[in-house]
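Per-entry structural report
Each chain is listed here by its residues.
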Amino acid sequence: MSTSAHAQNIDAPNVVPITAQLTSSGQPTAKALEGLAAQGYEAVIYLAPPHVSDAVREENIIVGRQNMLFVNIPIVFNKPAVSDYETFAAILQGLGNKKVLVHCQVNMRASTMVFLYRVVVGKEDPSLAYESVSKVWTPSGPWKQLMLDVLQKHKIAFDPY
């Protein structure tokens, strides 16, 4: 089964398959979360505070019952920080070749963090990596600034604006 067909089995908004091992999305339903291990996922990184209104309240338990790793990095939407990216990058890098779902509520936080990781850690071409962000949104305000700050810190010249 192709990567995109496989990832589209997740009932969540804005599912964007990146590689066979990495997918970003909005908030999956509880039922979708229950089926992740059966799809080969080994870890879930959730990038929103767990108390947001449409969060799945027991996501950590649902994921843990499948012997999968669950990590929550509670990024406040209007205050993303370079340290949030650094935490995310360290965790994702530490997962090695595990199959990972990175999600938030709509895939705004997740698509941006995955883009930065792909460019900074994976050394991918920013123009190509940014296509996965533009499928979901155009970062603005503090998210645009975060992207520019992280790229500048790592001496990567790219400005999609």
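Throughout, a residue's number is its position along its own chain's written sequence, starting from 1. Local features in this predicted model are restricted to residues of pLDDT 70 or higher, and side-chain atom pairs are both shown and tallied only at a pLDDT of 80 or more, whereas totals for entire chains, interfaces and linings draw on every residue. Think of the side-chain values as coming from all heavy atoms in the structure, minus any hydrogens and water.

Points about the side chain of Asp84
Mapped onto the secondary structure, Asp84 falls in helix 4 (residues 82–94). The cut-offs for exposure are 20% and 50% of the maximum accessible area for each residue type, with area from a 1.4 Å probe on protein chains only; residues under the lower value are buried, those over the upper are exposed, and the others partly exposed. Under the convention used here, Asp and Glu are negative, Lys and Arg are positive, and both His and the chain ends fall outside the count. Salt bridge, as used here, is a side-chain nitrogen of Lys or Arg placed within 4 Å of a carboxyl oxygen of Asp or Glu. Despite being buried, Asp84 has no salt bridge partner; Arg109 is the closest side chain of opposite charge, sitting 8.1 Å away. Not counting residues up to four positions away in its chain, the partners in contact with Asp84 are Ile75, Lys79 and Met113. Only DSSP runs of H or I with at least four residues qualify as helices, and only runs of E with at least two residues qualify as strands; both kinds are numbered from the N terminus onward. Residues count as neighbours in contact if any of their non-hydrogen atoms are within 4.5 Å of one another.

Describing the confidence of the model for the protein chain
Residue-level confidence of the predictor is what pLDDT reports, using numbers from 0 through 100. Residues of the protein chain with pLDDT of at least 70 account for 95%, and the chain-wide mean is 93. Between residues 1–7, whose pLDDT stays under 50, and residues either more than four places distant or in other chains, the model counts 12 contacts.

Some thoughts on the pattern of salt bridges
For the coordinates displayed, the defined rule picks out two salt bridges. Ionic pairing is found between Arg118 and Glu124, a salt bridge with its closest N-O pair at 2.8 Å. In this structure Glu124 comes out as partly exposed when scored by relative accessible area, which is 32%.

Brief notes about the packing of aromatic side chains
Only centres within 6.5 Å qualify two rings of Phe, Tyr or Trp (six-membered ring in Trp) as a pair; their planes then separate them into stacked at under 30 degrees, edge-to-face at over 60, and tilted for everything else. This model, assessed by the stated rule, comprises seven aromatic pairs. The interplanar angle of 35° and the centroid separation of 5.7 Å between the aromatic rings of Phe77 and Trp143 together place this pair among those described as tilted. Within this pair, whereas Phe77 is found in the loop between strand 4 (69–72) and helix 4, its partner Trp143 is found in helix 7 (residues 141–153), the two being separated by 66 residues in sequence. Judged by its relative accessible area of 33%, Phe77 is partly exposed. Judged by its relative accessible area of 0%, Trp143 is buried. Counting every residue linked through ring pairs, the aromatic cluster contains Phe77, Trp137 and Trp143. In this scheme, the term charge over a ring applies when either NZ of a lysine or CZ of an arginine sits within 6 Å of the ring centre and within 35 degrees of the ring normal. In this structure, Lys99 is placed above the aromatic ring of Tyr41, and the distance from its NZ or CZ to the ring centre is 4.5 Å.

Overview of the environment of Lys144
By secondary structure assignment, the location of Lys144 is in helix 7. Accessibility expressed as a relative area gives 30% for Lys144, which makes it partly exposed. When the C-alpha atoms of Lys144 and Asp159 are compared, they prove to be 9.7 Å apart, with 15 residues separating the residues in sequence. Discounting residues that sit within four places of it in the chain, Lys144 has contacts with Pro139 and Tyr161.

What to know about the packing of helix 5 (residues 108–120) against helix 6 (residues 126–134)
What counts as an axis is a line fitted to C-alpha atoms, over the stretch in contact for a helix, and the angles between N-to-C directions run from 0 to 180 degrees. Relative orientation of the contacting elements helix 5 and helix 6 amounts to 165°, with a least axis distance of 9 Å. Taken together, helix 5 and helix 6 sit at an angle that is classed as roughly antiparallel. Our pair here, helix 5 against helix 6, has a crossing hand that is right-handed. Contact residues: helix 5 offers Ser111, Thr112, Phe115, Arg118 and Val119, while helix 6 offers Pro126, Ala129, Tyr130, Ser132 and Val133. Residues are grouped as follows: Ala, Val, Leu, Ile, Met, Phe, Trp, Tyr, Cys and Pro are nonpolar; Asp, Glu, Lys and Arg are charged; every other residue, Gly included, is polar. Of the residues that constitute the contact of helix 5 with helix 6, the class distribution is six nonpolar, three polar and one charged. Put simply, angles under 35 degrees are roughly parallel, angles over 145 are roughly antiparallel, angles from 65 to 115 are roughly perpendicular, and the rest are oblique. A crossing counts as left-handed when the near helix is turned anticlockwise from the far one by less than a right angle, and as right-handed when that turn is clockwise.

A few points about unusual backbone geometry
Of note in the backbone geometry, Asn67 takes a positive phi value of approximately 60° without being a glycine. Take Asn67: it is sitting in the loop between helix 3 (59–64) and strand 4. Given a relative accessible area of 76%, Asn67 falls into the exposed group. Even without glycine at this site, Asn107 takes up a positive phi of about 85°. With respect to the helices and strands, Asn107 occurs in the loop between strand 5 (100–103) and helix 5.

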